Amino acid sequence: MTDAPAGPEELPSLRESVAYIGRLGKPTAAEVLDLAQATGRVALQPRCGVGGHREMAALLAELEREGRPDILTLTIDAHTRLLRWEHAERALRADPLGLNGYPLVTHGWRRGRELNESVSVPLEIRHGSPDPRALFATSVAAGITSFEGGGISYNLPYSKDVPLAHSLAAWAEVDAACGELARLGTVVDRELFGTLTAVLVPPSISLAISVLEAVAATAEGVRCVSVSYPQSGHLAQDVAALRAIPELAGRYLPAGVRTHAVLHEFMGVFPRERHHAEELIFYGALTARLGGASKMITKTYQEAHGIPDAAANVAGLRLAGIANSQLLDFVTVDEEAVSEEQRWICREVAEIVEPVLAAPRLHSAIVTAFAEGRLDIPFSASRHAHSAIIPRRDPSGAIRYHSHGRLPLSPASVARNQRLLAAGPGAAPGATPGGDLFQALRFDIDYFPHLFSEAGDGGSAR
């Protein structure tokens, strides 16, 4: 194996790729998720991706051998995400390790197959591209059976000025290809990136965006949908959000579509001390178990320090795997609190998505709703989102709408968020005597460093 790219290669037909997947002799990602859901065991998946082909193969092999994941990841580099093929090729020739992920399109589908054949578990593509058509075609040719993202969630959190109409149309082509693959006998798992900006994301906006992407995807023929949700750190709220996913799927998706809940372990500011980080990792794993998640994307004790190495990824997988033990069957959650949260989450989602779903053309309705602020996400990088949503943690640590912008929430939903933010003897955890909202948001973002007493008076983790 060499690191020099082989150059453009003609892709095999979808029919040939389906035949190759059948010859691989290992389960698809959808089959792994179905088994996890049926047995009540949370499947585990680490993040990983490096530029060099030999290094990527070695990393996958080490993670499988030492961490025993259920699914492995190819995280794609930024040049490929932005369709900058020449930049990716130059970087590969000059310094593959300088890339922040694996440039699959540049390496080519044959090398993708080499990676696929080097491990016994299925692979998933994680990337962040608003236009993933070339990447998807290459991944299918490589026999990869899970592909993350959507026309909203892989645009607005990442891109500054990609029109929603463009990204929605590009992703519709990907989803239509998934429909054709399903008809040919291979079901591709389409994971929707409900984590969005991953910073203080209220559960209902996360799930609302995923519902809209799921409705669009299944209309094109997608048969397996994974809805990912970012752990907030509040147990009852997170368990409720995960349990809301099958409820919402039953309400809005066609019968026969496989739906899976996926938890991304906490994606905010991580504690720096290893023992604190590992406490948070195990807490996330218990959350996934109690919420009935089919899969969890794991974290490592090195999150606060930079890109984790393979050993830290392995340690994160092993620690998270303990939460699947039958010895922990005694661990429970306040079911009354979860039920109350789930009821309100599903109500808020309905209030957000149903006016959009009622329109005759879904893509146009999504574009219009974002332009008018009736759909929105907090802290977006895109000029096509208003970013008028201001989230805050309430005194218990749950994430609420401090400001809901122009989201069409009912007066009852708005009043509940305001009441919970003001509940208790004081205001929300980040409140300051002068009412400085910026400082309060910093406090909320640094929630776990503060919880573990790792944050100073300025509110940032040391």
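Structural data are supplied above this passage.
Residues numbered from 1 in each chain as written. Predicted model: local features only at pLDDT ≥ 70, side-chain atom pairs only at ≥ 80, totals over all residues. Heavy atoms only, no water.

**Describing the overall build of the protein chain**
Where we set the bar: The numbering of helices and of strands both runs from the N terminus, where a helix is a DSSP run of H or I of at least 4 residues and a strand a run of E of at least 2. To get the radius of gyration, use the C-alpha atoms; to get the globule rule, take the number of residues to the power 0.38 and multiply by 2.2 Å. Throughout, exposure labels follow a simple rule: accessible area from a 1.4 Å probe, protein chains only, divided by the maximum for the residue type, with under 20% read as buried, over 50% as exposed, and the rest as partly exposed.
Each helix and strand counted, the protein chain has 18 helices and ten strands in total. On C-alpha atoms alone, the protein chain measures out to a radius of gyration of 21 Å, which is about the 23 Å that the 2.2 N^0.38 rule sets for 462 residues. When burial is assessed residue by residue, the protein chain has 58% of its 462 residues classed as buried.

**With respect to the pattern of salt bridges**
Put simply, the rule reads: We count a salt bridge whenever a side-chain nitrogen from Lys or Arg sits within 4 Å of a carboxyl oxygen from Asp or Glu.
Per the stated rule, a full pass over the model turns up 29 salt bridges. Here Arg-251 and Glu-247 are joined by a salt bridge, their closest N and O atoms 3.2 Å apart. Taken together, the positions of Arg-251 and Glu-247, both in helix α11 (residues 235-252) and four residues apart, correspond to about one turn of that helix. Assessed through its relative accessible area of 40%, Arg-251 is described here as partly exposed. Through salt bridges with shared partners, a single network forms among Glu-124, Arg-126, Glu-148, Glu-191 and Lys-295.

**A closer look at the pairing of strand β9 (residues 390-393)**
The criterion, for reference: Any two strands between which DSSP finds at least two bridges are classified as paired.
Where β9 lies against strand β10 (residues 399-403), four bridges are found, and the strand directions are antiparallel. Bridge pairing links Arg-392 to Arg-400 in β10. In this structure, the hairpin formed by β9 and β10 is closed by a connection of five residues, where Gly-397 is found at a positive phi of approximately 100°.

**Some thoughts on the environment of Val-201**
Cut-off, in case you're wondering: Here a residue-residue contact requires only that any non-hydrogen atoms of the pair lie within 4.5 Å.
By the element assignment, Val-201 lies in the loop between β5 (189-192) and α10 (203-219). Given the relative accessible area of 4%, Val-201 is considered buried. For the pair Val-201 and Ile-377, spaced 176 residues apart in sequence, the C-alpha separation works out to 8.0 Å. For Val-201, the residues in contact, after removing those within four places along its chain, are Thr-195, Leu-196, Ser-206, Pro-230 and Ile-399.

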